[in-house]
Amino acid sequence: MLSLTNITKTFYPGTANERRALRDVDLELAEGDFVTIIGSNGAGKSTLLNVIAGSLSVDQGSVVLDGRAVTRMREHKRASTIARVFQDPSAGTAPHLSIEQNLAVAYNRGKRLSLGRGLSHARRDFFRQELAILEQGLEDRMRHRVGLLSGGQRQALSLLMASFTRPKLLLLDEHTAALDPERAELVLRLTAQVVAEQGLTALMVTHNMDHALRLGNRLVMMHEGQILHTLDPQEKKEAQIQDLLEWFSREKGALSDRTLLQ
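Notes on the structure in this doc start here.

Cut-offs applied
Numbers given for residues are sequential positions, taken from 1 along each chain in its written order. Given that this is a predicted model, residues contribute local features only at a pLDDT of at least 70 and side-chain atom pairs are listed and counted only at 80 or more, while totals for whole chains, interfaces and linings are drawn from all residues. Excluded from the side-chain calculation are hydrogens and water; included are all heavy atoms of the structure. Under the scheme used here, helices are H or I runs from DSSP no shorter than 4 residues and strands are E runs no shorter than 2 residues, and both carry numbers assigned from the N terminus. Throughout, exposure labels follow a simple rule: accessible area from a 1.4 Å probe, protein chains only, divided by the maximum for the residue type, with under 20% read as buried, over 50% as exposed, and the rest as partly exposed. The contact criterion used throughout is that any non-hydrogen atoms of two residues lie within 4.5 Å. The protein chains shown are the only cover counted for residues, whose accessible areas, like all others here, come from Shrake-Rupley with a 1.4 Å probe. Here a strand pair is declared whenever DSSP counts at least two bridges between the two strands. All axes are obtained by fitting lines to C-alpha atoms, using only the stretch in contact for helices, and the reported angles, taken between N-to-C directions, cover 0 to 180 degrees. Counting rule applied: Lys, Arg positive; Asp, Glu negative; His and chain ends not counted. One speaks of a salt bridge when a side-chain nitrogen belonging to Lys or Arg is within 4 Å of a carboxyl oxygen belonging to Asp or Glu.

**A word on the overall build of the protein**
Turning to step 1, where the next piece is worked out: Within the protein, the secondary structure is distributed over nine helices and 10 strands.
Turning to step 2, where the next piece is worked out: Viewed in the frame of its principal axes, the protein has a C-alpha envelope of about 60 × 40 × 35 Å.
Turning to step 3, where the next piece is worked out: Residues classed as buried in the protein amount to 50% of the 262 residues present.
Turning to step 4, where the next piece is worked out: In the protein, the share of contacts with a sequence separation of at least 24, taken over all contacts with a separation of at least 6, comes to 68%.
Turning to step 5, where the next piece is worked out: Total accessible area computed for the protein in this model is approximately 12,400 Å², and 46% of it derives from carbon and sulfur atoms.

**A look at the environment of glutamine 242**
Turning to step 1, where the next piece is worked out: With respect to the secondary-structure elements, glutamine 242 resides in helix α9 (residues 241–252).
Turning to step 2, where the next piece is worked out: For the pair glutamine 242 and serine 55, spaced 187 residues apart in sequence, the C-alpha to C-alpha distance is 34 Å.

**Comments concerning the sheet that holds strand β3 (residues 34–38)**
Turning to step 1, where the next piece is worked out: As summarised here, the arrangement of the six strands in space is β6-β7-β8-β3-β9-β10, forming an open sheet in which the pairing is mixed. Every interior strand has two partners, whereas the edge strands, β6 (82–85) and β10 (226–231), have only one. Strand-to-strand twist across the sheet, computed as the mean angle between neighbouring axes with direction ignored, equals 20°.
Turning to step 2, where the next piece is worked out: Across the sheet, helix α1 (residues 45–53) is in contact with β3, β6, β7 (169–173), β8 (202–206) and β9 (218–223); its angle to β7 comes to roughly 150°.

**Notes on the sheet that holds strand β5 (residues 68–69)**
Turning to step 1, where the next piece is worked out: The four strands lie next to each other as β2-β1-β4-β5, forming an open sheet whose pairing is antiparallel. What marks the edges here is a single partner per strand, and that holds for β2 (19–29) and β5.
Turning to step 2, where the next piece is worked out: With five bridges joining them, strand β1 (residues 2–11) and strand β4 (residues 60–65) adopt antiparallel strand pairing. Among the inter-strand pairings, leucine 4 is bridged to a residue of β4, identified as valine 63.

**Quick look at the side chain of glutamate 139**
Turning to step 1, where the next piece is worked out: Looking at where glutamate 139 falls in the secondary structure, it is placed in the loop between α4 (121–132) and α5 (151–163).
Turning to step 2, where the next piece is worked out: Arginine 128 provides the closest opposite charge to the buried, unpaired glutamate 139, separated from it by 7.8 Å.
Turning to step 3, where the next piece is worked out: Not counting residues within four places of it along the chain, the set of residues in contact with glutamate 139 comprises Arg128, Leu131 and Ala132.

Interpretation in functional terms is not warranted from these geometric data alone.
Now the structure itself:
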């Protein structure tokens, strides 16, 4: 479904600030996989998602999505098949538009429909039903501006919007990192529910080991732009946080930033 081969990305090449963010990365996702990626700051996790989404080009390697080579395809052209939820709750929504208008834009992604047509009576009923799933009371505030919502509410809304078009691939870029623990738990639960109910293929980046172990069927461990280890479904089911720490230590020595992997 998704195939990354020999992906390499270097920032500021040939300068004193040169940094190799990805080093010969190979990764395969089958349809329906929910893969979590764990790693400390600077491991290359978000860079990898940016490469998949098309917001960053690669120095070498190939990206194949659903049997189609997209390595050189621009981000806006990939957007019809790839949906993304960002770490910043404000990144996935338009604050000046109402909740229902944001939903209409997401629902009509890739379609030639006006915003007005997207807000028919039947469509509003559908939006209201979908919003009720979020358990945030947003179904009763559909005409409120999104900019008035809390971070957790906006992130839950972003997740709903990202899943509307049944994307080929859902990218989750540390999408709970900016939330308080209670809201993070809610968004994680909604994430698992949406991915399972819609049978989505998903890739979730996190530096939280507990989240990486709890969600998804496979786990990828990254460090300094490389994939150190991949846990298959059975290994992931049996693994504990201490196991991950030991794998990191065994592969790269004691981590000076291991406190970032909690």
